[in-house]
Structures are given as C-alpha cells and as structure tokens.
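Reading the structure
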Amino acid sequence: MKNTTLCHIEKDGCYLMLHRIKKENDLNHDKWVGIGGKFEDKESPEECNAREVLEETGLTLKDARYRGIVTFVSDQWETEYMHLFTADRFSGELIECDEGDLCWVPKSELKNLPLWAGDYLFLDLLDRPDYPFFSLKLEYCGEKLVNAVLNGTALPL
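A short tour of the structure in this document, coming up. As the structure is a prediction and not an experimental result, all values here were calculated from the model. (Residues numbered from 1 in each chain as written. Predicted model: local features only at pLDDT ≥ 70, side-chain atom pairs only at ≥ 80, totals over all residues. Heavy atoms only, no water.)

**Let's talk about the overall build of the protein chain**
The helix and strand inventory of the protein chain stands at two helices and twelve strands. A globule of 157 residues ought to have a C-alpha radius of gyration of about 15 Å, and the protein chain, at 15 Å, matches this closely. In terms of overall dimensions, the protein chain has C-alpha extents of about 40 × 40 × 35 Å along its principal axes. The 157 residues of the protein chain split such that 46% are buried. The contacts in the protein chain between residues at least 6 apart in sequence include a share of 62% that link residues at least 24 apart. Surface accessibility of the protein chain: about 8,300 Å² in total, with carbon and sulfur atoms responsible for 50%. The averaged location of the 30 negative side-chain charges in the protein chain is 3 Å from the averaged location of its 18 positive side-chain charges. (Helix = DSSP H or I, 4+ residues; strand = E, 2+ residues; numbered from the N terminus. Rg over C-alpha atoms; globule rule 2.2 N^0.38 Å. Buried < 20%, exposed > 50% of the residue type's maximum accessible area, 1.4 Å probe, protein only. Contact = heavy atoms within 4.5 Å. Areas by Shrake-Rupley, 256 points an atom, 1.4 Å probe, with all protein chains shown as cover. Lys, Arg positive; Asp, Glu negative; His and termini not counted. Charge placed at Lys NZ, Arg CZ, Asp CG, Glu CD.)

**Here we look at the environment of Glu55**
Locating Glu55 in the fold gives a position in helix H1 (residues 45–57). For the pair formed by Glu55 and Trp32, sequence separation is 23 residues and the distance between their alpha carbons is 18 Å.

**Quick word on H1**
With 13 residues, H1 ought to run about 18 Å at 1.5 Å a step, and its terminal C-alpha atoms sit 18 Å apart, in line with that. Taken as a whole, H1 has its buried residues at Pro45, Cys48, Asn49, Arg51, Glu52, Val53, Glu56 and Thr57. Directly after H1, the chain includes Gly58, whose backbone phi takes a positive value near 85°. (Expected span 1.5 Å × (residues − 1).)

Read these as geometric descriptors, not functional statements.
See below:
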C-alpha cells in the first residue's frame, strides 16, 4: 500500500492543474491532476502535502484544508490511499515542474480535460458544502472505473 497526497489549489475560480506529460512510464501520462505525490518516511499527510506542493509548484501553502481520503483499488497497481487537500491561500511564484505543465484551469472546464473517471467524482465533492470531509473508494479495472463507494455507500456509475 502506498500513501500519497493531492492538493487542489484554487485561485479566481480556477484550480492549478498539472498536465502529466514529462515523466516516462507514468501511470498518469497525459492526464490532468492536482498537485501531489508520495509520502516520505515519518511525514504526516499535512507535511507531505506542503512539501509536494512546494517542490512541484514553488508555492508555499498558507491554509490547506484536509478534505478527504480516496482509496484506489486496481487490478494493475497496488492499493493507494490518497489524502486530499484544498487550498486557496499561498505565497510564491510558480516554477517549472519536471513532471508536466502547470496551468490554472477554470473549474467549469475541468470536465473537458482527460482526467481519471474517479477524479470527476471527488472534484464534485470538493465543491459541495455538505461534504466537508469524505471517504471515497474508487475501484479500477485498467483505466475503467468499475466501482465507487462514498462514505460506505455505493455510487451509481
């Protein structure tokens, strides 16, 4: 099992997204994702999130909010627990990322980007005040989402 973080940084109705096009053998190749990565030894979710955001973007978060945990189950990859954050206060200037291209994308246009199917589900939850924190399990067969469970209840796909 691996633990990762993912942060959706918001500014002016946009999320800072990473178009993953630069790494070889990247399971996220050509997908658009938020900012994040793998835990280092002895890191908390908050520490990992802050470090990954700084490394990939050059931005220092001022007030990240821990919004949920997403459990990824796959027939091809090990189980992953992704700790999901949002932030709208930060300092610094964007840097070039060695994993892909950073871009501020209007939230209304996210549905037009190549994302993982489950990402559309948790992006919707991030905008819903009735879900300040959630647990979402996403099960994939290859790149196809075959099951989604929100707070213990199956979702229609």
